[in-house]
Amino acid sequence: MIDYNDAIHEYTLEGIHLPSVSELLKPILSDYEIHPKYAERGTAVHNLTELWDTGLYLPELADDELMPYMMAYEDFHDQHEVEVHEIEMMVFNPTLMYAGRLDRLWLIDGKKHLTDTKTGGKYKQHLFQLCAYHMALPPTDCELSNLYLNPFNFKLHAWGQGERVYGNRMIEALSLIYWDNHRRDRKSIEKILEAKHDHTRSI
């Protein structure tokens, strides 16, 4: 149903632009800028952890700057029993009409987690990002957590229930703001989704 253009990181529904989770969060990130150097490092570490979990990681892929982060990721796996279910899974919320790619759905010590891996410190927008992914999944009971990787150490942080309720409300509000500014596209997408729903119901 949803098309994704990896070259320009765009989600569309029958040619109509859909906001990504990152795009939804833009109104509250205007004062939060990540230096390109740190953004590139975060992306590189993210890609290496994906290779790790798919069995394709080789130590020589990590340079001197990235190796301490990967040693932290190795420690995480050494200290926890991890069973990966989904990596980079595309999700779509048909009610709030946004799409994205979640980082990990996995079991950590037997408990289901929806996790996003970050380098650096904890920020509230990490919660909002996880809430958006969770709200785009079929109903599923799981922890929302961030795995923070820093040189030679890691921290697994699970967000509390009260924080999650707040995060859900924020995503709902941001969706309303986005689609109020894109009313024509909203109406078109609503018609498409309604037609698909009616077709499915008639089968």
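Residues numbered from 1 in each chain as written. Predicted model: local features only at pLDDT ≥ 70, side-chain atom pairs only at ≥ 80, totals over all residues. Heavy atoms only, no water.

1. Examining the packing of aromatic side chains
Turning to step 1, where the next piece is worked out: Within this structure, the stated rule accounts for eight aromatic pairs.
Turning to step 2, where the next piece is worked out: Relative to Tyr166, the ring of Phe128 has its centre 5.9 Å away and its plane inclined at 55°; by these criteria the two rings are tilted. With Phe128 in helix α4 (residues 124-135) and Tyr166 in helix α5 (residues 161-180), this residue pair connects regions lying 38 residues apart in the sequence.
Turning to step 3, where the next piece is worked out: Look at Phe128 and you get buried, because its relative accessible area is 4%.
Turning to step 4, where the next piece is worked out: On the basis of an interplanar angle of 85° and a centroid distance of 4.9 Å, the ring pair of Tyr178 and Trp179 is categorised as edge-to-face. Just as Tyr178 is buried, Trp179 falls in that class too. (Phe/Tyr/Trp six-rings, centres within 6.5 Å; stacked < 30°, edge-to-face > 60°. Helix = DSSP H or I, 4+ residues; strand = E, 2+ residues; numbered from the N terminus. Buried < 20%, exposed > 50% of the residue type's maximum accessible area, 1.4 Å probe, protein only.)

2. A closer look at the pattern of salt bridges
Turning to step 1, where the next piece is worked out: By the definition in use, this model includes six salt bridges.
Turning to step 2, where the next piece is worked out: Its salt-bridge partner being Lys118, residue Asp116 comes within 2.9 Å of it at the nearest N-O pair.
Turning to step 3, where the next piece is worked out: Residue classification places Asp116 among the buried residues on the basis of a relative accessible area of 5%.
Turning to step 4, where the next piece is worked out: Between Asp180 and Arg183 there is a salt bridge, with the nearest N and O atoms lying 3.1 Å from each other.
Turning to step 5, where the next piece is worked out: Here the residues in one salt-bridge network are Asp53, Asp103 and Arg104, joined through shared partners. (Salt bridge = Lys/Arg side-chain N within 4 Å of Asp/Glu carboxyl O.)

3. Remarks on helix α2 (residues 36-53)
Turning to step 1, where the next piece is worked out: Its 18 residues give α2 an end-to-end C-alpha distance of 26 Å, which sits within 8% of 26 Å, the value for a rise of 1.5 Å per residue.
Turning to step 2, where the next piece is worked out: A positive phi of about 80° marks Gly55, the residue just after α2. (Expected span 1.5 Å × (residues − 1).)

4. Re the sheet that holds strand β8 (residues 153-158)
Working definition: the strands of a sheet are paired by backbone hydrogen bonds and lie parallel or antiparallel to each other.
Turning to step 1, where the next piece is worked out: The strand order across the open sheet formed by five strands is β4-β5-β6-β7-β8, and the pairing between neighbours is mixed. Bordering the open sheet on either side are β4 (82-93) and β8, each of which pairs with just one other strand. Neighbour-to-neighbour, the strand axes of this sheet turn through a mean angle of 35°, independent of strand direction.
Turning to step 2, where the next piece is worked out: Where β4 meets strand β5 (residues 98-108), ten bridges bridge the pair, whose relative direction is antiparallel. In the strand pairing of β5, Glu83 is matched with Leu107.
Turning to step 3, where the next piece is worked out: Of the strands in this sheet, β4, β5, β6 (111-119), β7 (143-150) and β8 are in contact with helix α3 (residues 67-79), which crosses β7 at around 135°. (Pairing = 2+ DSSP bridges. Axes fitted to C-alpha atoms, helices over the stretch in contact; angles between N-to-C directions. Contact = heavy atoms within 4.5 Å.)

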